[in-house]
Structure formats: structure tokens, C-alpha cells
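Reading the structure
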Amino acid sequence: PLALALGLDGARLTLVDHDVVATNNLHRQIQFGAADVGRRKVDALADALVARGARRPHTVPLRADAAALERLVGADEIVVDATDDAGTKFIVADWATRRGRPHVIAGAVGLGGQVFASDGGIATPCYRCFFEAPPDDAATCARDGVLGPAVGLVAAIAAGEIHARAEHTAP
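Since the model is a prediction, treat every value here as computed from it, not as a measurement.

Attention now moves to the packing of aromatic side chains. With the rule as written, the count across this model stands at four aromatic pairs. A ring pair is formed by Phe116 and Tyr127, whose centres lie 5.5 Å apart and whose planes are at 70°; its orientation type is edge-to-face. Here Tyr127 lies in helix α5 (residues 127-130) and Phe116 lies in strand β5 (residues 112-118), a separation of eleven residues in the sequence. What makes Tyr127 buried here is its relative accessible area of 4%. An aromatic cluster of at least three residues, connected via ring pairs, comprises Phe90, Phe116, Tyr127, Phe130 and Phe131.

What the three strands build is an open sheet, ordered β3-β4-β5; its pairing is mixed. Edge strands, defined here as strands with exactly one partner in the open sheet, are β3 (79-81) and β5. Here the strands of the sheet are splayed against their neighbours by 10° on average, with no regard to which way each runs. Most of the contacts of helix α4 (residues 86-98) go to strand β4 (residues 103-109), to which it runs at about 165°, and overall it touches β3 and β4.

With that out of the way, let us pick up the layout of surface pockets. Here the second largest pocket defines a volume of roughly 310 Å³. Along its surface, the second largest pocket is lined by 18 residues, and Ala86, Lys89, Gln114, Tyr127 and Ala139 are the ones closest to its centre. Listing elements by their share of the lining of the second largest pocket, those giving two or more residues are α4, β4 and β5.

For α4, built from 13 residues, the straight-helix expectation of 18 Å at 1.5 Å per residue is met to within 8% by its first-to-last C-alpha distance of 18 Å. Taken together, the buried positions of α4 are Thr88, Lys89, Phe90, Val92, Ala93, Asp94, Trp95 and Ala96. On the buried face of α4, the contacting elements are α3 (66-72), β3, β4 and α5.

With that settled, consider the confidence of the model for the protein chain. On average, residues of the protein chain score 90 in pLDDT, and 98% of them reach the 70 mark or higher. Within the protein chain, the lowest mean pLDDT, 80, falls on helix α6 (residues 141-144), and the highest, 97, falls on helix α2 (residues 41-51).

A separate point is the pattern of salt bridges. Tallied over the entire structure, the rule returns eleven salt bridges. Among the salt bridges present, the one from Asp94 reaches Arg128, with a minimum N-O distance of 2.7 Å. A residue pair is termed long-range when its members are at least 10 positions apart, and Asp94 in helix α4 and Arg128 in helix α5 qualify at 34 residues. According to the relative accessible area criterion, Asp94 is buried, its value standing at 18%.

About the cut-offs
- Residues numbered from 1 in each chain as written.
- Predicted model: local features only at pLDDT ≥ 70, side-chain atom pairs only at ≥ 80, totals over all residues.
- Heavy atoms only, no water.
- Phe/Tyr/Trp six-rings, centres within 6.5 Å; stacked < 30°, edge-to-face > 60°.
- Helix = DSSP H or I, 4+ residues; strand = E, 2+ residues; numbered from the N terminus.
- Buried < 20%, exposed > 50% of the residue type's maximum accessible area, 1.4 Å probe, protein only.
- Pairing = 2+ DSSP bridges.
- Axes fitted to C-alpha atoms, helices over the stretch in contact; angles between N-to-C directions.
- Contact = heavy atoms within 4.5 Å.
- 1 Å grid on protein atoms, 1.4 Å probe; cavity = no way out; pocket = protein on both sides within 12 Å on 5 of 7 lines; lining within 4 Å.
- Points joined across faces, edges and corners; volume = space filled by probe spheres on them.
- Expected span 1.5 Å × (residues − 1).
- pLDDT = per-residue confidence, 0-100.
- Salt bridge = Lys/Arg side-chain N within 4 Å of Asp/Glu carboxyl O.

In C-alpha cells:
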């Protein structure tokens with residue numbers, strides 16, 4: 001839902017994900033349909049964006065890590081994590097914080113979710129300021145489920161935070 005909101009608003013997107021669409025994604029990841037099951041998420045999402053009138057995003061079918069971020073993120077881009085993986089959220093947040101980059105970390109699990117936004121400045125609290133390290137027993141969609149509408153709500157809040165940061169970082 002977040003990629004749809006941003007892509008349909010004209011944002012240039014780079015989608016990074018190693019996963020494939022599974023049946024249990026369909027109730028919360030509204031961009032996918034039954035025909036997408038088994039496809040790489042980045043490819044199915046790119047097609048969904050184009051079908052709705054957005055420009056085709058750059059797709060990278062791998063798990064996000066610091067090396068990938070270093071190669072992929074341009075100087076004027078906002079870094080966004082919308083995964084359900086606690087470890088990946090820390091990788092993305094740590095990378096963006098070290099480089100002073102604006103970033104938004106968002107996710108939904110169970111009945112709720114969270115959005116963390118940073119302008120990347122020195123005086124801005126970091127993700128680790130709130131969560132010191134990924135918990136060993138972090139909730140996951142696969143294990144704990146997720147209420148589909150929670151994903152849409154978190155995506156709407158995250159999109160607002162991304163737009164606010166884009167206004168402050170625009171040349």
C-alpha cells in the first residue's frame with residue numbers, strides 16, 4: 001500500500017525485496033492478486049504500479065543490507081523500510097542514521113503497527129534510541145499474523161511522513 005501511495009503520487013521508487021508473493025500476503029498486500037502468487041514481489045509490485053498509471057520502478061530482487069543501500073541510494077533520496085523483518089529495519093535505520101539521511105521505518109504486525117521518521121540530522125532521535133536492538137522474539141506476520149487494514153493505516157501515516165521529509169529535502 002505504501003508503494004502504491006508514493007508511486008501513484010509520482011515518486012521515483014526503487015523496490016528492494018528478496019521475497020515472493022505468497023497466498024497469506026493477499027489480505028494485507030492489496031497490490032497483489034492470486035495470479036501473483038509465486039512471483040517475485042518486486043516484479044509483481046512494479047507491474048501493479050504501471051497498471052495503475054505510475055512510472056515503472058527500479059527493482060532489485062535481494063534482501064536489503066548495508067552494501068546494497070550503499071549502491072542503490074542516491075544523494076537526494078529518502079530511505080524507507082516497509083518490511084516485517086526487525087533485523088532489516090535496524091540495518092536500514094542504522095545505515096541512514098550514519099549517513100545523516102532522512103528515513104522512514106514502518107511496519108504492521110498483529111493488530112497494530114508503528115512508523116518512525118527521521119530527518120537524519122544530528123539532533124534527531126534514531127531508531128536505536130527507541131529500540132536498542134532487534135528483539136530475539138520479534139513479532140512477525142508469518143508467526144503472529146497481521147490485520148489487513150492495519151497495513152493500510154500504517155502506510156497512510158508513513159506516506160505523510162515521507163512527503164513531509166521530501167518537502168524539506170527538495171532542491
